[in-house]
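# Coordinate inspection notes
Okay, here's what each chain looks like letter by letter:
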Amino acid sequence: MMSMSDSIIVLEKVNKWFGPAHVLRDIDLSVGFGEVVVVAGPSGSGKSTMCRTINRLETINSGAIRVNGQPLPEEGKELANLRSEVGMVFQQFNLFSHLSILDNVALGPLKVRKQSKAEAGERARWLLDRVGIGDQAQKYPAQLSGGQQQRAAIARALAMDPKVILFDEPTSALDPEMINEVLDVIGKLAEDGMTMLVVTHEMGFARQVADRVVFMDAGQIVEQAPPEIFFTRPETARARDFLAKILK
Amino acid sequence: MTTANLFDQPGPKAARRITLFTIGAVVLIAIVVAYAVMELAARGQFDAARWSPLTNPKLILFLLQGLLNTLGAAAVSLVLALVMGIGLAIGRLSDVRFVRGPCVVIVELARAAPVLLSMLFLFLAFPLAFHIDLSAFWTVVLALTLYNGAAIAEIVRAGVLTLPSGQQEAAYAIGLRWWPTMRLVLLPQALRVMLPGLIGQLIVLIKDSALGFIVGYQELAAQAQSAALLFNNPLQTYVVVGLVFVLLNSALSWVSTYVSGRQVGADSRDQAITTVGLEPEAAAALRALDVERRMGR
């Protein structure tokens, strides 16, 4: 296991309740620089919630979260700064529907990084080319397929030059034929050394791309292991049960 | 038109019943109208002498001056109400309780107070409180702004709240703070969604400007009243002036429908997720069904 100083994300004894529901139980997790961690587990196991605590889209009730060595800021400019360095890709894409694809990608660099219009636009074009939708730059989100929208959302996250990107079930809202085009983009980012935490049900992707698989159930991290071990000899009965269901 | 999916298509019995009721209702209305027309005619309300003054160029000019005053007060109020409404909506959406609280109080008070009373109150209280004689124009404008600003605040707030929460989260996630998120992401979308509602509020505003007569503002209805006194033809004058209001507001209503139709056209391009984007297509489909049905009969 990685030492703390090599970690971009560290969660220590993180607990969260939604009312009476204890959705995160003593979560300890670290993600190293350049590492690709896939979080798997049944629906309602707390995967997405955990992912969303890392840039404080969800608050926690106890425990500590550190990003890049610093405690997660709780508000204001510091929090906004941190969020600008932690990319996030959502299940529902969440592209800004009133802006063109290009403006979606350029908005952060323009307004947060205060780049010039030309600079932000040029880089946005380059990123859109990189995710394979350079020809869609002037269209609006609803004119694109789900797969294209999600690739635009990835470009939007990349535009901030994040130190790490959180993927919250990036392919769960996609039609089956569009899943691979998005996974391919994420896989390429992994090859390029991007640090990523990916919540997903795509076990084939996890097997190929992940450095480590984290298995969650009922708000706990039950097991974590490199994919070749997790998928062939899971230690816990819960993981075996999950894999038996999902790998049919 | 949209009832087609709210109710079952009528069966033969229901169809007969509907026909029967329709005929009955038409006959009843015809009787009432005929009676009213006869009575009005008997009292000389259709005499040329009562209608001819309305063709007098001087009178027309006099009424046009009133219309101009109505439109002037409405236009200035609209601008001020928009500013106030957007400001209050933002305040009421704020996380800060000391900002939100006063905004809630202002909106609820201003929305609940009758415009007529606000006008009177401003007219009487302003000179006493600030030693400034408020002109009739500004009394009308301020009262209209107060009420319509509060109403617009609620329209805008509803617009922001109907946006999917993912829009705000995505803005936060790229490092935008609360105000830039509001200004760059939420408000532009909310205002677009709410444009028909805002135009509806403009119609209310124009109609309410007629209350200005109470403080002596020479708007269209007040001018009509003066003219009617002069020529002793109040019914005739009010019919004409009422028609002007109806035409004006129908035109705005039409603009609202047109804008929302275009909006929806734009939405089906770029915002398919919202139900707003679905309505026009659904409406068009229903219209087509309706036409088919009527042709089949």
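As a reminder, the structure under discussion sits directly above these lines.
I will try to describe carefully the structure that is included in this document. Please read all numbers here as calculations on a predicted model, not as lab measurements.

Before going further, it helps to examine empty space enclosed by the protein. Considering all chains together, one arrives at one cavity of 30 Å³ or more under this definition. The volume enclosed by the largest cavity comes to roughly 40 Å³. Lining the largest cavity are Arg-83, Ser-84, Val-86, Gly-87, Met-88, Ala-157 and Met-160 of chain A together with Ala-173 and Ile-174 of chain B. Secondary-structure elements contributing two or more residues to the lining of the largest cavity are helix 2 (76-85) and strand 6 (86-89) of chain A. Among the elements that make up the lining of the largest cavity, the one with the highest residue count is strand 6 of chain A (three residues). Class assignment of the residues belonging to the lining of the largest cavity gives a composition of six nonpolar, two polar and one charged.

With that settled, consider the pairing of strand 4 (residues 62-67) of chain A. All names here are of chain A. Looking at chain direction, strand 1 (residues 7-18) and strand 4 are connected through five bridges and run antiparallel. What sits directly across from Val-10, in strand 4, is Arg-66. Bridge count between strand 4 and strand 5 (residues 70-71): two bridges; the pairing is antiparallel. Within strand 5, the residue paired with Arg-66 across the bridge is Pro-71. Counting the residues that bridge the hairpin from strand 4 to strand 5 gives two residues, and of these Asn-68 lies at a positive phi of roughly 55°.

Okay, unusual backbone geometry next. All names here are of chain A. Phi at Lys-114 takes a positive value of approximately 60°, unusual for a residue other than glycine. Assignment of secondary structure puts Lys-114 in the loop between helix 3 (101-111) and helix 4 (117-130). Under the relative-accessibility criterion, Lys-114 is labelled exposed at 67%. A positive phi angle, close to 50°, is found at Glu-169, a residue other than glycine. Position of Glu-169 relative to the elements: it lies in the loop between strand 7 (164-168) and helix 6 (176-191).

Residues and elements named next belong to chain A. Strand order in the open sheet made by the six strands is 6-7-8-3-9-10, with mixed pairing throughout. Only two strands of the sheet have a single partner each, and these edge strands are strand 6 and strand 10 (220-225). On average, each strand axis in the sheet is inclined to that of its neighbour by 20°, with strand direction left out of account. Where strand 6 lies against strand 7, four bridges are found, and the strand directions are parallel. Bridged to Val-86 within strand 7 is Val-164. Here helix 2 sits on the sheet in contact with strand 6 and strand 7, set at roughly 65° to strand 6.

A separate point is the environment of Leu-247 of chain A. Residue and element names in this part refer to chain A. Mapped onto the fold, Leu-247 is located in the segment after helix 9 (237-246). In this structure the C-alpha to C-alpha distance between Leu-247 and Met-203, which are 44 residues apart in sequence, comes to 7.8 Å. Setting aside its immediate chain neighbours within four residues, Leu-247 contacts Met-203, Arg-207 and Phe-231.

If charged atoms from side chains of opposite charge come close, those side chains can pair. Per the counting criterion, the structure on display carries 18 salt bridges over all chains. Its salt-bridge partner being Arg-123 of chain A, residue Asp-161 of chain A comes within 2.7 Å of it at the nearest N-O pair. With Asp-161 of chain A in the loop between helix 5 (146-158) and strand 7 and Arg-123 of chain A in helix 4, this residue pair connects regions lying 38 residues apart in the sequence. By relative accessible area, Arg-123 of chain A is classed as partly exposed at 24%. A network of salt bridges, in which partner residues are shared, links Arg-92, Glu-108, Arg-111, Glu-154 and Arg-157 of chain B.

Parameters at a glance
- Residues numbered from 1 in each chain as written.
- Chains lettered and ligands numbered in written order.
- Predicted model: local features only at pLDDT ≥ 70, side-chain atom pairs only at ≥ 80, totals over all residues.
- Heavy atoms only, no water.
- 1 Å grid on protein atoms, 1.4 Å probe; cavity = no way out; pocket = protein on both sides within 12 Å on 5 of 7 lines; lining within 4 Å.
- Points joined across faces, edges and corners; volume = space filled by probe spheres on them.
- Helix = DSSP H or I, 4+ residues; strand = E, 2+ residues; numbered from the N terminus.
- Nonpolar A, V, L, I, M, F, W, Y, C, P; charged D, E, K, R; others polar.
- Pairing = 2+ DSSP bridges.
- Buried < 20%, exposed > 50% of the residue type's maximum accessible area, 1.4 Å probe, protein only.
- Axes fitted to C-alpha atoms, helices over the stretch in contact; angles between N-to-C directions.
- Contact = heavy atoms within 4.5 Å.
- Salt bridge = Lys/Arg side-chain N within 4 Å of Asp/Glu carboxyl O.

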